[in-house]
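# Residue-level structure breakdown
Residue-level listing of the chains:
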Amino acid sequence: MNRVDIATKEVKKMQEGDDDATVTQLATAALNIAMADAKSVQTALYIYMELADKFGPTPILLNGQAVCLILQDKAEQAEDVLQKALDKDSGHPETLINLSIVSHFLGARDSAKRYTAQVEDSHPHHPYVVKMKEKEKMFDELSSALLANR
């Protein structure tokens, strides 16, 4: 949701109903990431870590941890967590996308390209891939138009 104000109200309702419910914890973590301040991101990281301790480290929980680490400028740690997620599910699209992004942060362009190609090949209809293809097409069209006007 792109409306943190509305999400905050909904999460508060969920917390009033059952603060300890897993879905409430996941919604709280997602909201904290969207808020993006240091305290909120740290709280989200703790939530994902606690859920991973409780239910096991699933790719979704590991990706949540990695996003928090990225927001804390801890790309190397995020990469380690994402590698664990990749070990659990080598085709998980969010893991591949996040590994591509972290690889860019770390200057590993070949790895970033490899992860991007892998998610494009295995999940061509994923919203990230669709948006990226749209942006590539727009770039190509604008480049062609600029070159034609020279």
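See the structure printed just above.
Residues numbered from 1 in each chain as written. Predicted model: local features only at pLDDT ≥ 70, side-chain atom pairs only at ≥ 80, totals over all residues. Heavy atoms only, no water.

### Some points on the environment of I33
Structurally, the position occupied by I33 is in helix α2 (residues 22-35). Taking C-alpha positions, I33 is 8.8 Å from L45, a pair spaced 12 residues apart along the chain. Apart from residues no more than four positions distant in its own chain, I33 is found in contact with A44, Y48, G64, V67, C68 and L71. (Helix = DSSP H or I, 4+ residues; strand = E, 2+ residues; numbered from the N terminus. Contact = heavy atoms within 4.5 Å.)

### Things to note about helix α3 (residues 38-55)
With 18 residues, α3 extends 26 Å between its outermost C-alpha atoms, agreeing within 8% with the 26 Å of an ideal straight helix rising 1.5 Å per residue. Every buried residue of α3 is listed here: S40, V41, A44, L45, I47, Y48, L51 and A52. Angularly, the buried residues of α3 cover 160° about the axis, an arc narrow enough to put them on a single face. When the buried face of α3 is taken as reference, the exposed residues oriented beyond 90 degrees from it are A38, K39, E50, D53 and K54. Buried-residue contacts for α3 involve α2 and α4 (59-71). Downstream of α3 by a residue or two, G56 has a phi angle that is positive, lying close to 95°. (Expected span 1.5 Å × (residues − 1). Buried < 20%, exposed > 50% of the residue type's maximum accessible area, 1.4 Å probe, protein only. Arc of directions from axis to C-beta.)

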